[in-house]
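One letter stands for each residue in the lines below.
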Amino acid sequence: DTAVSQTPKYLVTQMGNDKSIKCEQNLGHDTMYWYKQDSKKFLKIMFSYNNKELIINETVPNRFSPKSPDKAHLNLHINSLELGDSAVYFCASSLTSGGPDTQYFGPGTRLTVL
Amino acid sequence: SQELEQSPQSLIVQEGKNLTINCTSSKTLYGLYWYKQKYGEGLIFLMMLQKGGEEKSHEKITAKLDEKKQQSSLHITASQPSHAGIYLCGAGPDAGGTSYGKLTFGQGTILTVHP
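Thresholds, definitions, all that
- Residues numbered from 1 in each chain as written.
- Chains lettered and ligands numbered in written order.
- Predicted model: local features only at pLDDT ≥ 70, side-chain atom pairs only at ≥ 80, totals over all residues.
- Heavy atoms only, no water.
- Helix = DSSP H or I, 4+ residues; strand = E, 2+ residues; numbered from the N terminus.
- Rg over C-alpha atoms; globule rule 2.2 N^0.38 Å.
- Buried < 20%, exposed > 50% of the residue type's maximum accessible area, 1.4 Å probe, protein only.
- Contact = heavy atoms within 4.5 Å.
- Areas by Shrake-Rupley, 256 points an atom, 1.4 Å probe, with all protein chains shown as cover.
- Lys, Arg positive; Asp, Glu negative; His and termini not counted.
- Charge placed at Lys NZ, Arg CZ, Asp CG, Glu CD.
- Polar contact = N/O pair within 3.5 Å; in protein donor to acceptor, adjacent residues only side chain to side chain.
- Buried area = accessible area lost by both parts, 1.4 Å probe.
- Salt bridge = Lys/Arg side-chain N within 4 Å of Asp/Glu carboxyl O.
- Nonpolar A, V, L, I, M, F, W, Y, C, P; charged D, E, K, R; others polar.

Turning next to the overall build of chain B. Broken down by element type, chain B carries zero helices and 11 strands. Listing every helix and strand of chain B by position from the N terminus yields β-β-β-β-β-β-β-β-β-β-β. Taken over C-alpha atoms, the radius of gyration comes to 14 Å for chain B, in line with the 13 Å a tight globule of 115 residues would show. Its C-alpha atoms give chain B principal-axis dimensions of roughly 45 × 30 × 20 Å. In chain B, which comprises 115 residues, the proportion classed as buried is 47%. Look at the contacts in chain B between residues 6 or more apart in sequence, and 56% of them connect residues 24 or more apart. For chain B, the exposed surface amounts to about 5,500 Å²; the carbon and sulfur share of it is 48%. Taking the average location of the 11 positive side-chain charges in chain B and that of its 10 negative ones, the two points are 1 Å from each other.

Residues and elements named next belong to chain A. Tracing the backbone shows N75 in strand β8 (residues 73–78). At 3.4 Å, the side chain of N75 forms a polar contact with the backbone nitrogen of C23. Each residue touching N75, except ones within four places of it in the same chain, is listed here: I21, K22, C23, W34, S65, P66, K67 and P69.

Before going further, it helps to examine the interface of chain B and chain A. Interface extent is often summarised as the accessible area lost during association of the parts. Opposite the 22 residues of chain B that make contact, chain A presents 24 residues. Counting each side, the surface lost to burial between chain B and chain A is near 1,900 Å², with a carbon and sulfur contribution of 58%. At the boundary of chain B and chain A, one finds zero salt bridges. Taken together, the connections running from chain B to chain A amount to four residue pairs in polar contact (both at pLDDT 80 or more). Among the secondary structure elements, those contributing two or more residues to the side of chain B that touches chain A are β4 (32–37), β5 (43–49) and β9 (85–91) of chain B. Looking at the side of chain B that touches chain A residue by residue, the class counts come to 12 nonpolar, eight polar and two charged.

Below is the structure:
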């Protein structure tokens, strides 16, 4: 059983389009995250939700809007895609946000903006 | 903000050789995570260290956190092609618990193991 799953795995789109990436975890965790990995493999936090509430927003352009319909799902919607948005986006989850709980990562979504 | 520096940035070894990857923090570490990433895949959790001087092992991989909790090392014994990938260290919540679980990662070490 996949613990943290993301769809789609690959996404190729034109500049200016709007796209969404979905994430689901079946671990019963309270906290979910979105990370972005750039072309140099540098992985950086974007957002974190704890029990459907936004707790971290790391100076991400407001074209990026996360949505958590329930604590098992955290989706990422991106408006007006730009070339610089091309990256691999990882979803992760952890039991809580208050302690050193291990984060489990999804397989990633490779977004290519043409 | 906390910064993590990994070294080396890339490493090429012959199968069977031992190797070490280092992760140095600009601040005291209160939770240090090691992950492995294979191309096209997500991050696989390896180990988490919290206490100064702590050492953990899993199969042929050993991770250590120094007494001052500012440096960690990942050692692979008798490397195999299956060990190839990108190794990332991540720093966990700070002492005040205000980072809300976010991890700050090093830039990664690309490991290639030649058969």
